[in-house]
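Analysis of the macromolecular model
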Amino acid sequence: MYQYDPQQIEPQWQAHWEKTRLYSVTEDATKPNYYALEMFPYPSGDVHMGHVRNYSIGDVVSRYKRMRGYNVLHPIGWDSFGLPAENAAIKQDSTPGSWTYANIDRQRASLKRLGFSYDWDRTVVTSDVEYYGWGQWIFLKLWQMGLVERRSSPVNWCPSCKTVLANEQVLGDGVCWRCKSPVERQELEQWFFKITDYAQELLDDLDTLPGWPERVKQMQANWIGRSVGAEIDFTLCDAAGEPTDETITVFTTRPDTLFGCSFFLLAPEHPLVREFVVDTEHEVAVTRVVEYSAAATAVERSKGEREKIGAFTGRYVLNPINGRKVPIWIADYVMMDYGTGAVMAVPSGDQRDFEFARTYDLPIPPVVVPEDDSLYQQLATQQERVRDDVPWQTAYDGPGSMVQSGTFTGLPGGKGSAGADAVVARLQELGVGRPTVNFRLRDWLISRQRYWGNPIPAIYCAHCGIVPVPEQDLPVILPKDVDVAKGETLASRPEFYEVSCPVCGGSAHRETDTMDTFTCSSWYYLRYTDPHNPALPFARETVDGWMPVDQYIGGIEHAILHLLYSRFFTKALRDAGLLGFDEPFTNLLTQGMVKLNGEVMSKSKGNVIAPEDMIVRYGADALRLYILFMAPPDKDLEWSQEGLEGIFRFVNRVWRAVFDLLGETVFDEEGNQLSVYDESLDAVAASARGKELNRELHRVIGKVSSDIDRFNFNTAISAIMELVNTVSAYLKVPVALRDAELTARAARSLVLLIAPLAPHMAEELWHSVLGCEGSVHLQAWPEHDPSQAVDDTVELAVQVNGKVRARIVVAADAADAAVREAALVAVATVLGEKPVRKVVVVPGKLVSVVV
RNA sequence: GCCCGAGUGGCGGAAUGGCAGACGCGGAGGUCUCAAAAACCUUUGUCCUCUGGACGUGUGGGUUCGACUCCCACCUCGGGCACCA
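Residues numbered from 1 in each chain as written. Chains lettered and ligands numbered in written order. Predicted model: local features only at pLDDT ≥ 70, side-chain atom pairs only at ≥ 80, totals over all residues. Heavy atoms only, no water.

1. Remarks on the overall build of chain A
Inclusion rule: Under the DSSP-based scheme used, a helix requires at least four consecutive residues in state H or I and a strand at least two consecutive residues in state E, with every element numbered from the N terminus. For every residue, the accessible area obtained with a 1.4 Å probe (protein chains only) is divided by the maximum for its type, and the residue is called buried under 20%, exposed over 50%, and partly exposed between those limits. In this analysis, two residues are considered to be in contact whenever any of their non-hydrogen atoms come within 4.5 Å of each other.
When its secondary structure is counted, chain A shows 27 helices and 34 strands. In terms of principal-axis extent, the alpha carbons of chain A reach across some 110 × 90 × 50 Å. Out of the 851 residues in chain A, the part that is buried amounts to 54%. Look at the contacts in chain A between residues 6 or more apart in sequence, and 72% of them connect residues 24 or more apart.

2. A short note on the sheet that holds strand β5 (residues 148-158)
Basically, it comes down to this: In this scheme, strands are said to pair when DSSP sees at least two bridges between them. To obtain each axis, a line is fitted to C-alpha atoms, and for helices this fit is confined to the stretch in contact; angles are then taken between N-to-C directions over 0 to 180 degrees.
Taken in spatial order, the four strands line up as β6-β5-β7-β18 in an open sheet, and their pairing is antiparallel. Among the strands making up the open sheet, the edge pair consists of β6 (163-165) and β18 (444-445). Pairing between strand β7 (residues 184-193) and β18: two bridges, direction antiparallel. Opposite Phe193, over in β18, you have Trp444 as the bridge partner. Here helix α5 (residues 129-144) sits on the sheet in contact with β5 and β7, set at roughly 90° to β7.

3. Considering the side chain of His74
Just so we agree on the cut-off: Nitrogen and oxygen atoms within 3.5 Å of one another constitute a polar contact, given that in protein one can donate a hydrogen and the other can accept it, and given that sequence-neighbouring residues count only through two side-chain atoms.
If you trace the backbone, His74 turns up in the loop between β2 (71-73) and β3 (77-78). Here Glu38 takes part through its side chain, which lies 2.3 Å from a polar atom of the side chain of His74. Dropping the residues within four chain positions of it, His74 is found in contact with Ala36, Glu38, Gly58, Asp59, Ser62, Arg66, Ser117, Tyr118 and Asp119.

4. Comments concerning the environment of Tyr132
Following the sequence through the fold, Tyr132 ends up in helix α5. Under the relative-accessibility criterion, Tyr132 is labelled buried at 4%. Taking the C-alpha atoms as reference, Tyr132 lies 9.7 Å from Pro537; in sequence the two are 405 residues apart.

5. Description of the packing of aromatic side chains
So the rule is basically this: To pair, rings of Phe, Tyr and Trp, with the six-membered ring standing in for Trp, must have centres within 6.5 Å; the planes then decide the type, stacked if under 30 degrees apart, edge-to-face if over 60, and tilted in the middle. For a lysine, the NZ atom is tested; for an arginine, the CZ atom; a charge sits over a ring if that atom is within 6 Å of the ring centre and within 35 degrees of the ring normal.
According to the stated counting rule, one finds 51 aromatic pairs in the structure shown. Put simply, the rings of Phe139, Trp143, Trp177, Trp191, Phe193, Tyr198, Trp444, Phe518, Tyr565, Phe568 and Phe569 pair up and form one aromatic cluster. Just above the ring of Trp120 sits the side chain of Lys112; from NZ or CZ to the centre is 4.8 Å. Taking NZ or CZ as reference, Arg151 lies 4.4 Å from the ring centre of Phe192, over its face.

6. Some words on the protein's contact with RNA strand B
Convention followed: Whether a residue is near a molecule or strand depends on its heavy atoms: if one lies within 4 Å, it is near.
Within the structure, RNA strand B sits among 53 residues, and Lys308, Tyr338, Arg440, Glu722 and Arg807 are positioned closest to it. Asn714 has a polar side-chain atom sitting 2.9 Å from a phosphate oxygen of RNA strand B. Here a base nitrogen of RNA strand B and a backbone polar atom of Glu795 are 3.4 Å apart. By residue number, the principal contributor to the surface near RNA strand B is helix α23 (residues 713-730), which donates six residues.

7. Focus on the packing of α23 against helix α24 (residues 740-754)
Quick note on the threshold: Note on angle classes: values under 35 degrees are labelled roughly parallel, values over 145 roughly antiparallel, values of 65 to 115 roughly perpendicular, and the remainder oblique. In this scheme, a crossing is called left-handed if the near helix is turned counterclockwise away from the far one by less than a right angle; it is called right-handed if the turn is clockwise. Any residue that is not Ala, Val, Leu, Ile, Met, Phe, Trp, Tyr, Cys, Pro, Asp, Glu, Lys or Arg is counted as polar, Gly included; the first ten are nonpolar and the last four charged.
Viewed as axis vectors pointing N to C, α23 and α24 meet at an angle of 160°, and their least axial separation amounts to 11 Å. Between α23 and α24, the crossing angle belongs to the class labelled roughly antiparallel. Relative to α24, α23 is oriented so that their crossing is left-handed. Contacts between α23 and α24 involve Ile720, Leu723, Val724 and Tyr730 from the first element and Leu742, Thr743, Leu750, Leu753 and Ile754 from the second. The residue makeup of the contact of α23 with α24, split by class, is eight nonpolar, one polar and no charged.

8. A closer look at the pattern of salt bridges
What counts, and what does not: A side-chain nitrogen of Lys or Arg and a carboxyl oxygen of Asp or Glu constitute a salt bridge if their distance falls within 4 Å.
Here the structure, examined in full by the defined rule, presents 47 salt bridges. Here Asp516 ties to Arg448 by a salt bridge, and the two come within 3.1 Å at their closest N and O atoms. With Asp516 in the loop between β25 (514-515) and α15 (517-520) and Arg448 in strand β19 (residues 447-448), this residue pair connects regions lying 68 residues apart in the sequence. Across the pair, Arg448 and Asp516 agree in class, each one buried. The partner of Arg699 in a salt bridge is Glu722, with the nearest N and O atoms 3.3 Å apart. Note that Arg699 is positioned in helix α22 (residues 683-709) and Glu722 in helix α23, a separation of 23 residues in sequence. Look at Glu722 and you get partly exposed, because its relative accessible area is 37%.

9. A short note on the sheet that holds strand β23 (residues 498-500)
The sheet built from four strands is open, its strands ordered β22-β21-β24-β23 with antiparallel pairing. Looking along the sheet, the strands with just one partner apiece sit at the ends: β22 (465-468) and β23. Between one strand axis and the next, the sheet turns by 40° as a mean value, whatever way the strands run. Pairing between strand β21 (residues 458-461) and strand β24 (residues 507-510): three bridges, direction antiparallel. Within the sheet, the bridge partner assigned to Cys461 lies in β24 and is Ala508.

What follows is the structure, encoded as C-alpha cells:
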C-alpha cells in the first residue's frame, strides 16, 4: 500500500483529464442531454468558500448524471464587466481590463485545482468582444421589437457609484446593492428594457416551475406585484368649480367603496399640482407640502411611518358614480410612480385615508360595514348618504355589506367582491371606468454612466435623432486604454464618440453609457451551448437542443435580479424567433452561505477561510466532501475545522479500506500495522459478515442514488460512511476466510459511489489500485437489487398503547397473522388481564397493540 | 400589515405518519506505545429510587392504534414586499 497523498494525485489527474479532454462535450444523439449550470463568478479576486460550495454541488450533479448515461453540458465562464474593476483600477492605478483578466487567470487556476469537470473549451468571458458584441446584437433585436426605450423618468442615482441603478438594484432600505450608499431620486433621460410588457407572463409562468424553491417564486411574485382593480375617471372642475371636459384617472383595488370617496388626492410631484395653485391662496400651503416631500429621502418616505401631511389645492373633481363634488388635496403619502399618481380617498375603508381625514377634519362616510357592526343595524338598506362619520378607531378594509351606496346598497363589499364587480360594470356602461390590472414592476433601467461595460450601440444625430448602430457596424468596441484612474470615461474619448450618422452621414455622437452588467448575465447560458458561433449569438437548433438548463445552482441573492432578468430575456428572445422555449431554468437550487461563527465570511471582516489553504492541508477531495457533508445544500453552513479534519480521516479510511479489501495488509506512514484480523472468526461467522456486507452494499447504492437525485449530498455521504463502517467490520475477517468476489465487488462499488464526490481519489483507486481501464468518471453508475438489501429476518418493535414494550425477531416474509401471534406472546406480561381491542401490524416496522 | 422559510442532544445535522437523535464533530474510558501522535475498540439525549423506568423534537390544543412529520391557534428567529391606493 502507498499512502494517500492528495498533493500528489490531485494535480496529476487534473493534468490527465485536461490532456484527454475528458469533460469536453459535443452533441450526441445516442444519449439524453443534461445541462448542469452554476452561476458564473464575478472575477473580483480569489475563489472563496461560497464558490467552492456552489461549484462542488454542480460538479457532483454533472458527474453523477454522466455516470447515469447522460450527455452532460457543464460549462463555466466569467461575468467580468462591472464597477469593482473600475474601483480596483483607480486604487491600483491600472486599468479595469488588466485587473479583471489577471483575476480570471487566478480564479481559473483555483477552479482547476479543485478538479471541477468543466468543458473548458466553452468558456465565456463577458468582457471579451466575441461575447459582448453579440450582446449589442441582441440589444438591437430588442430595439426593433419595441422593447428598448430611451426616456425621461425619475430614476435611482447612486452618488458613490456615480451611476443610475435599476429598481432591482436598490435594496429594501433604499441603498445601492453594491456599495450600500443611500440612493437619490433624479429625473433623468435613460435607456430602458420594457420588461413590464412581460409582467403578466413572468408572473403566470412561475406556476410552470415546480422545480424552483417556493421562496424564490414568492419573491418574484411580490416584486412583480400584480393588483387587480379598476381605473376610474373623475371629472375635473375649473377654478370656479364648474365641470370641465377634462378628467383625472385613478387606480383603485376597491371600486366597491367609490360612494365613500370624500376627497381626492394627488402626489406632490403630480404635474397638475403647480397649475392648480399658482397665484392662488393655496399656493403657500401646497408648496410647503411639495417641498416637504421633496426633501425626504427615499428611505424616509418608504418607511410608512411619517405623519400624513397634505394641503387643499382649491380645486374639485366630480365622483362619476354619483356626481358628488369632492375636494382635491395633495398628500405626501401618494406616490407618483405607482398607479396614476392620483388616488380616490375612501377614509372609512383605507387606514391612510382615515388618518388623513382625521388630521384635516374631512368626512368619513361608511360604505362597507361588517354585518356584526352597530352601523350595519342603522344603515343596512340606506341608499342615500346620511352619515358622514364612523365610530371606529381605524378604517375597515375587510369584507362586509355595502351601505349608503345608491342601488348597490346591500351587495357584498370588499376586495374582489360582487359589489366591486357591479360598480365597475356600471362605470363601464357610463364610459367612465374600466377593469385594470396594475403591476408594481417597473421597466428595467439598463444604462450606466460607467466605462467598464458593454457599449450601448446607439448614435445621437442632430437631424435624425437617436439611431441604432447598423448591424454590420457591430461590434462597438470598448477602448481598452481608458484611464479611469485619471477620471477618464468614454465621454473623454472623442475617437470613440465622434462618428458620422449612419442615416444621414452627418456628424453625430455615439452613446457613451454602457449597459448594466446584468444584461451580460441574462443570456450567457445560451452562448455556452454554441460558444464559438461566428455568425450568431447562438444557432436556434443548437440552443434548443440543450436548453432549458436542467439544473441551475446559485445564491439566493439573485432571487429577483439575475433570475428575473434572465427569464425576461428568454421570453423576449423567444418572441424574436431565436429560441423555442419559455423559461431558461427548469430546476433551481439556491445554495446557502458559508459562515464562520455565525457571520458571513468577508474580506472586510477578516474572517475568510481560504480554499487554497485548506487544499494544501487536506486536498480538494476532502474539502469538497466536507462542504457537501456539513449541511444540506440550501441551508447555511457553519464552518468547522474539526469537521474538515473528520472528513479527512474518512477519506483516509476509504483509501485504506480499498487496499485492505484487495487483501493487502495495511500499514500507516510509520509502519504500524492497521489491518487487524479477528482470528476467532470461523467460516460461519465470516459468511454472516459477508451477507451483511452484501446487504449493506445494495442498500447504500440505492440510498446514495436517491440521495443524489434529491440533492441530499450530506446524507449520501453519511450512507457511504455507513458502508465503510460495515466494510471495516468485514475486514476483521482473516484474508483466508474472505469471499473474493464480494471484496472485489465491494471495492469497485465503493470507488464508483464516491467518484462524483471525491473524483481524484476515486480515479487514482480505480486505475492504480483496482487496475481498471478507462476513467472512473466514464463508468456506469453501480446497479443495486433492492431485494438483496434486506435481511431474511427483521426485528419488530411491539407497542402497547403507543409505547414500545418488547421486540421480536421474525422472518422478513412472515405472514401478518404469525407476526401478530408472536407479538402478543412477547407482551403477554405487560397486557396481563386487559382485553386486546385492536392490533395493527406494519410489515417490516412494528406491531401496535391497543388495550 | 401581507407573504415565505425555519425552530430536534454540548455542536453540524438524520428520520415516504411507524423504534427520535442516522452520520459526523466534540466528550469519557480503553487497546497499542517508554511516552505521545496516529489508528482502532467501547461509550455518550435528560432525569430517577438505575438488570428497570419516566421524560423528551419552540408553546398549547386536535386528528390517529401511532405525530418531529398532518390540522388549528400561538411564540421566537431569518428572509422578501410594503404609505402600492
